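Letter by letter, the chains look like this.
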Amino acid sequence: MERTLSIIKPDAVAKGVIGKILDRFESNGLKIAATKKIQLTRSDAEAFYAIHAERPFFNDLVDFMISGPVVVSVLEGEKAMAKNRELMGATNPKEAEAGTIRADFAENIDANAVHGSDSVENAAIEIAFFFSEREIS
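As annotated in an unreviewed UniProt entry, the protein chain is Nucleoside diphosphate kinase from Sulfurimonas lithotrophica. Its UniProt record, at the heading Sequence similarities (unreviewed entry), says of the protein chain: "Belongs to the NDK family." Listed under Subunit (unreviewed entry) in UniProt, the entry text for the protein chain is "Homotetramer."

Okay, structure coming up:
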């Protein structure tokens, strides 16, 4: 059983589509093993996205991620990481396939509705950033 992290970003939370996005996961065979709505602090966002610290978009990304609450979830299932990435669609919603989360709910490449782990190894790190093992069932 593989695990991955999903974040419903501030833009999608503000639109009131949390339930619709979570339903996409469950309707496609992913179990929601843990979920919570939180407000990231600047230091939270900077630490989580530290891998991008030298990139020109880093400060805008941090500002965006602290602009409102997010919903973080642990998704579980067979090939959960790949399945989540397929459901999310391309990072740029204009390039995302019809019916994907980003095609349906994202405005642009910056406000692109969701984050998903990009590898099984990163998923473990990202899950541990937000959840203790006892919070995951």
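Asks: Residues and numbers for the packing of aromatic side chains, please.
Replies: How two aromatic rings sit relative to each other is set out by the distance from centre to centre and by the angle between their planes. All chains considered together, the criterion is met by four aromatic pairs. Seen from their ring centres, Phe-48 and Tyr-49 are 4.9 Å apart, and the 85° between their planes marks the pair as edge-to-face. When sorted by exposure, Phe-48 lands in the same class as Tyr-49, which is buried. Site record: aromatic cluster; members linked through ring pairs are Phe-48, Tyr-49, Phe-129 and Phe-130. Over the ring of Phe-131 we find Lys-36; its NZ or CZ atom is 4.7 Å from the centre of that ring.

Asks: Now, about the nonpolar core: what can you tell me, with residues and values included?
Replies: Taken as a class, soluble globular proteins show a tendency for nonpolar side chains to be buried jointly. In terms of nonpolar packing, the biggest core is built from 21 residues, with Ile-7, Met-65, Phe-130 and Phe-131 touching the most fellow members. Within the residue set of this core, elements represented by two or more residues are β1 (2-8), β2 (31-38), α3 (42-48), α4 (58-65), β3 (70-77) and α7 (120-130). Counting residues per element, this core draws most heavily on α4, at five residues. Among all residues touching Phe-130, those that are not within four sequence positions of it are Leu-5, Ile-7, Lys-36, Ile-38, Leu-40, Phe-48, Val-72 and Glu-135. Counting 18 residues, the second-largest nonpolar core is a separate cluster that includes Val-13, Val-17, Ile-101 and Val-114.

Asks: Run through the sheet that holds β2, naming residues and quoting values.
Replies: With antiparallel pairing, the four strands of this open sheet are ordered in space as β2-β3-β1-β4. Of all strands in the sheet, those bounded by a partner on one side alone are β2 and β4 (114-116). Averaged over neighbouring strand pairs, the angle between their axes works out to 20° when direction is ignored. The pairing of β2 with β3 spans seven bridges and is antiparallel. Counterpart to Lys-37 in the pairing with β3 is Val-71. Contacts between helix α5 (residues 80-88) and the sheet are confined to β1, β3 and β4, with β1 contributing the most and set at about 30° to the helix.

Asks: Tell me about the pattern of salt bridges, and name the residues and values.
Replies: Applying the stated criterion across every chain yields a total of eight salt bridges. One salt bridge in this structure joins Glu-76 and Arg-3, with 2.8 Å as the shortest N-O distance. Taken together, the residues Glu-76 in strand β3 and Arg-3 in strand β1 connect sequence positions 73 residues apart. For Glu-76, a relative accessible area of 11% corresponds to the buried category. Two residues, Lys-36 and Glu-135, come together in a salt bridge whose shortest N-O distance is 3.3 Å. Here Lys-36, found in strand β2, pairs with Glu-135, found in the segment after α7; they are 99 residues apart in sequence, far enough to count as distant. Classification of Lys-36 by relative accessible area gives partly exposed; the value is 25%. Residue Glu-135 is classed as partly exposed on the basis of its relative accessible area, which comes to 35%. Connected via shared salt-bridge partners are Arg-3, Lys-31, Glu-76 and Glu-133.

Cut-offs applied
Residues numbered from 1 in each chain as written. Predicted model: local features only at pLDDT ≥ 70, side-chain atom pairs only at ≥ 80, totals over all residues. Heavy atoms only, no water. UniProt positions renumbered as here; feature names shortened; annotations may be inferred. Phe/Tyr/Trp six-rings, centres within 6.5 Å; stacked < 30°, edge-to-face > 60°. Buried < 20%, exposed > 50% of the residue type's maximum accessible area, 1.4 Å probe, protein only. Lys NZ or Arg CZ within 6 Å of the ring centre and 35° of its normal. Core = buried A, V, L, I, M, F, W, Y, C linked by side-chain atoms within 4.5 Å. Helix = DSSP H or I, 4+ residues; strand = E, 2+ residues; numbered from the N terminus. Contact = heavy atoms within 4.5 Å. Pairing = 2+ DSSP bridges. Axes fitted to C-alpha atoms, helices over the stretch in contact; angles between N-to-C directions. Salt bridge = Lys/Arg side-chain N within 4 Å of Asp/Glu carboxyl O.

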